[in-house]
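Remarks on the overall topology
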2 protein chains.
Amino acid sequence: MSLRTLSAHLGLSMAAISRVLSGSPAARSIPPATQERIFAAARELNYRPNLLARSLRRGQSTSVGVLIPDISEGYSAHVLAGIEETLSAAGYTLVMITHHYREEVLAKSERIFAERAVDAVILVGTNLHVYGTTPTVTVSCPDSHPGVTNIVLDHDRAAELALRHLYSLGHRNLAVIKGYKKSSDTERRWQSIERAAAMLGMTLPEERVVQLDDEQQTNEPGYRAMKKLMHQSREFSAVFAFNDVAAIGAIDAMRDAGLDVPEDVSVMGFDDVAFARVHRPSLTTVRQPLHRMGVLAANAVLEKLSQPGEKQTDEVEVVVEPELIVRATTRAATVCAAAEAA
Amino acid sequence: MSLRTLSAHLGLSMAAISRVLSGSPAARSIPPATQERIFAAARELNYRPNLLARSLRRGQSTSVGVLIPDISEGYSAHVLAGIEETLSAAGYTLVMITHHYREEVLAKSERIFAERAVDAVILVGTNLHVYGTTPTVTVSCPDSHPGVTNIVLDHDRAAELALRHLYSLGHRNLAVIKGYKKSSDTERRWQSIERAAAMLGMTLPEERVVQLDDEQQTNEPGYRAMKKLMHQSREFSAVFAFNDVAAIGAIDAMRDAGLDVPEDVSVMGFDDVAFARVHRPSLTTVRQPLHRMGVLAANAVLEKLSQPGEKQTDEVEVVVEPELIVRATTRAATVCAAAEAA
DNA sequence: TTGAAAGCGCTACCAA
DNA sequence: TTGGTAGCGCTTTCAA
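Bear in mind the structure is a predicted one, so any value in this text is a computation, not a measurement.

Topic: the interface of chain A and chain B
Taken together, the 49 residues of chain A in the interface contact 49 residues of chain B. Taken over both partners, the interface formed by chain A and chain B buries close to 4,200 Å², and the fraction arising from carbon and sulfur atoms is 55%. When the area that chain A buries against chain B is broken down by residue, the three leading residues are Arg48(A), Leu52(A) and Arg116(A), summing to 17%. Inspection of the chain A/chain B interface yields six salt bridges. Our enumeration of links across chain A and chain B arrives at 15 residue pairs in polar contact (both at pLDDT 80 or more). Those elements that place two or more of their residues in the side of chain A that touches chain B are α4 (51-58), α5 (75-89), β2 (93-98), α6 (103-115), α10 (244-256) and α11 (274-278) of chain A.

Concerning the pairing of strand β3 (residues 120-124) of chain A
Residue and element names in this part refer to chain A. Counted residue by residue, β3 has five buried out of five residues, so it is predominantly covered. Along β3, one buried face is formed by Ala120, Ile122 and Val124 and the opposite face, lined by Val121 and Leu123, is buried too. Summarising the sheet, strand β1 (residues 63-68) and β3 pair through four bridges and their orientation is parallel. Directly across from Leu67, in β3, lies its bridge partner Leu123. Judged from the four bridges that link them, β3 and strand β4 (residues 136-139) form a sheet pairing that is parallel. When the sheet's bridge partners are listed, Val124 is paired in β4 with Val139.

A closer look at the sheet that holds strand β10 (residues 284-287) of chain A
Think of a sheet as strands paired side by side through backbone hydrogen bonds, with each pair either parallel or antiparallel. Residues and elements named next belong to chain A. Read from one edge to the other, the open sheet built from six strands follows the order β7-β6-β8-β9-β10-β12, with strand pairing classed as mixed. At either margin of the open sheet sits one strand with a lone partner, and together these are β7 (209-211) and β12 (323-325). Geometrically, the sheet is characterised by an average inter-axis angle of 20 degrees between neighbouring strands, direction not taken into account. In the packing of helix α7 (residues 155-168) onto the sheet, contacts are made with β6 (174-178), β8 (238-241), β9 (266-271), β10 and β12, and the angle to β9 comes to roughly 165 degrees.

A few points about the sheet that holds strand β10 (residues 284-287) of chain B
Residue and element names in this part refer to chain B. With mixed pairing, the six strands of this open sheet are ordered in space as β7-β6-β8-β9-β10-β12. One side of each edge strand has no neighbouring strand; the edge strands of this open sheet are β7 (209-211) and β12 (323-325). Across the sheet, the mean angle separating the axes of adjacent strands is 20 degrees when strand polarity is ignored. Relative to strand β9 (residues 266-271), strand β8 (residues 238-241) is paired through three bridges, and the arrangement is parallel. Across the sheet, Ala238 pairs through a bridge with Ser266, a residue of β9.

Focus on the nonpolar core
Counting residues in hydrophobic clusters, the biggest one holds 93 residues, and the most contacted among them are Ile122(A), Leu163(A), Ile122(B) and Leu163(B). For Ile122(A), the residues in contact, after removing those within four places along its chain, are Val64(A), Gly65(A), Val66(A), Leu67(A), Ile83(A), Leu87(A), Val137(A), Val139(A), Ala297(A), Ala298(A) and Val301(A). Counting residues in each nonpolar core, the second largest holds 60 residues, with Tyr101(A), Val265(A), Ala175(B) and Leu229(B) among its members.

Here we look at the relation of the copies chain A and chain B
Copy one and copy two of the chain differ by a rotation about a common axis and a shift along it. Structural alignment of chain A on chain B gives an RMSD of 0.1 Å, achieved by rotating through 180 degrees and translating 0.0 Å along the axis. These values place the two chain copies in the arrangement generated by a two-fold rotation axis. Comparing interface residues between copies, 100% of those in chain A also sit at the interface in chain B, which points to an isologous, same-surface contact.

A word on the UniProt feature "domain: HTH lacI-type" (unreviewed entry) in chain A
The sites that carry the UniProt feature "domain: HTH lacI-type" (unreviewed entry) are, in the present numbering, residues 1-58 of chain A. Helix makes up 64% of residues 1-58 of chain A and strand 0%. Its end C-alpha atoms lie 20 Å apart.

Comments concerning the packing of aromatic side chains
Here a ring pair, both rings aromatic, is described through the centre-centre distance and the interplanar angle of the planes. Following the criterion strictly, the structure yields five aromatic pairs over all chains and no others. Its guanidinium or amino end placed over the ring of Phe270(A), Arg189(A) lies 3.5 Å from that ring's centre, counting from NZ or CZ.

Side note on the layout of surface pockets
Take a probe with the size of a water molecule and roll it over the atoms, and the empty space left behind shows itself. The computed volume of the largest pocket comes to approximately 1,100 Å³. Every residue lining the largest pocket is counted, 40 residues in all, and those nearest its centre are Asp119(A), Tyr131(A), Thr133(A), Thr134(A) and Pro135(A). Going through the elements one at a time, α4, α6 and α12 (290-306) of chain A are the ones with two or more residues in the lining of the largest pocket. In terms of residue class, the lining of the largest pocket is built from 17 nonpolar, 17 polar and six charged. The space that makes up the second largest pocket amounts to roughly 910 Å³. Breaking the lining of the second largest pocket down by element, the ones donating at least two residues are α6 of chain A together with α1 (3-10), α2 (14-21), α3 (32-44) and α4 (51-58) of chain B. Examining the composition of the lining of the second largest pocket, we find that six residues originate from one element, α4(B), more than from any other. A class-by-class count of the residues in the lining of the second largest pocket yields eleven nonpolar, nine polar and eight charged.

Describing empty space enclosed by the protein
By the definition in use, this model includes eight cavities of 30 Å³ or more. As for the largest cavity, its lining consists of 32 residues, of which Tyr75(A), Tyr101(A), Gln217(A), Phe242(A) and Asn243(A) are closest to the centre. If you list the elements that add at least two residues to the lining of the largest cavity, you get α5, α9 (220-232) and α10 of chain A. For the lining of the largest cavity, the leading source of residues is α10(A), giving three residues. Class assignment of the residues belonging to the lining of the largest cavity gives a composition of twelve nonpolar, twelve polar and eight charged. Counting the residues that make up the lining of the largest cavity, at least three belong to each of domain 2 (61-153 + 290-320) and domain 3 (155-288 + 325-340) of chain A. Computed from the structure, the second largest cavity encloses a volume of approximately 330 Å³. What lines the second largest cavity is a set of 26 residues, and nearest its centre among them are Tyr101(B), Ser183(B), Gln217(B), Phe242(B) and Asn243(B).

Cut-off values and rules
Residues numbered from 1 in each chain as written. Chains lettered and ligands numbered in written order. Predicted model: local features only at pLDDT ≥ 70, side-chain atom pairs only at ≥ 80, totals over all residues. Heavy atoms only, no water. Contact = heavy atoms within 4.5 Å. Buried area = accessible area lost by both parts, 1.4 Å probe. Salt bridge = Lys/Arg side-chain N within 4 Å of Asp/Glu carboxyl O. Polar contact = N/O pair within 3.5 Å; in protein donor to acceptor, adjacent residues only side chain to side chain. Helix = DSSP H or I, 4+ residues; strand = E, 2+ residues; numbered from the N terminus. Buried < 20%, exposed > 50% of the residue type's maximum accessible area, 1.4 Å probe, protein only. Pairing = 2+ DSSP bridges. Axes fitted to C-alpha atoms, helices over the stretch in contact; angles between N-to-C directions. Core = buried A, V, L, I, M, F, W, Y, C linked by side-chain atoms within 4.5 Å. Least-squares fit on C-alpha atoms with pLDDT ≥ 70 in both. UniProt positions renumbered as here; feature names shortened; annotations may be inferred. Phe/Tyr/Trp six-rings, centres within 6.5 Å; stacked < 30°, edge-to-face > 60°. Lys NZ or Arg CZ within 6 Å of the ring centre and 35° of its normal. 1 Å grid on protein atoms, 1.4 Å probe; cavity = no way out; pocket = protein on both sides within 12 Å on 5 of 7 lines; lining within 4 Å. Points joined across faces, edges and corners; volume = space filled by probe spheres on them. Nonpolar A, V, L, I, M, F, W, Y, C, P; charged D, E, K, R; others polar. Domains from an automatic or database assignment.

If you want it as structure tokens, here you go:
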């Protein structure tokens, strides 16, 4: 079922039919009666324009490349859902690549996006690679780049919310589980935590800081990190984990070591993924509006595509606000821990 | 950077270059020296073939349509990850549509897949819609269809594993939370449960059966279902939930009603999604090899595409085996419950 | 061993 | 108001 067949069937030129069916402005000069006839025939013969051909001709594919670390759980999935909803409602298709932090995939992504002629690229939780002149939007990218819109959480605010909460509960000796070194938020978040700690007069000695050794979205990296932390120090009454899964892993490790959460130690997660609320004890955490960040990224792409030619060269940051979600893993520092701090 | 520019640059015909770069068999008759020259130039000038043009010409797009209920958590995400890994390793791209069980989206999906000229379609957890002659693979589709390969769990075996486990712990009075009515596994699973119950001599009176009222992947539908169940009957010592999130919702509802799991009631989940292990108490559940089901679906697609012409007309079922994962939410029936059953 | 040219299905320019 | 036609970038047949 191509335009040619339809044209033969209707006795009209392919040009006329194309104009009507693709909603071209030139269709205004075609009488309503003819238009109706065309629509009817298209419906009846079940005609679907071939988007490959249209894309080739128009030089745009109505598709957007999306590069994410993973889909199977948590962070990326929430963002991706927001992106998918928004872009597919606008008629776009995603060319999705998951990289699992592997260099080869990241390198190959550029080639794939170029071959598929995507109109724009969205990078989620990934350090920026080069995509030439393709309009680019990033989510949680650590650095700014000319012409790139970056959707980021206000990490300073997030760290402040978390630490103020712990401080107000009497916690002075904080331990931190930093993110996996390749995760895009790791450095930025850490700097914000240092700043907030300094502001509140909380110290963060080296032995109370550990780092996730894997990006794996299970509790294991958090479990290992906590083991290591407890080996280095016992002088903490609260732990701030890089994300919710790590927090849960940490809780498991402490339980196995005979420590109760929140009785002995308070734990703070990050992200507020779906199971944070469902976990027992339910997780106190800092919510990132992940779904909305996906929507914002998609909208930024759509905006860029709606005004072609206007090559922006300055970097734009869209900052979203975190939210403190207080649940069951944080409570007032025990007398003992408070005494230590004094 | 098109073939034409490359051709001009090399002083060779587009035909020759195309043959070499696309790995056509006809390239064998081109001397290695020339081939090397072509590869070098392509690399140097950063040439990427336009896949839109190639697809148009070849009549195949190296893309596969994937229709899933949702991406943000659990079931679909695990399957999707398996599909994505396998197909992207084979050079395919996904055209992904999430339908959230909405009829309009399901209807529109056919049009989108046709327009994007996907080579095949994979439907996950979705009742089959019509995709004409496009090679189709389904995951957990309730019915069989001519020419369609269906990847399914052995539900009879799954129900038997679960019920035998509960039976062996002394449970006789079982309650069941059926799946959301639109979920593709609901009916099939329910029939298997009835069969297994009959086999073991366990009864399933109406008042001990409830149904999820939403497909939402949170604990709320399970919470509501359990509330309703407790309103209808208290004569059960074990609950078999349709999936893990529902099981967790049910546990919450029982806790709020003063019942302890597993002390008073045993709970059995389904799927073994990531947080089932992490939840406290950790969930006894029937594991579906979701990731592998995704891989199998993708492989079935690749196989179909590798042997064109061979139109299969008989339905093929690929049956995968469930696995009983015993954790902390099931234990021996209390004396009281056992006495009631006697 | 290499090249010329047709044509995949569509859109957009120019002409009528 | 409508139609003819060139051409998007590629592959592949046929000819040399």
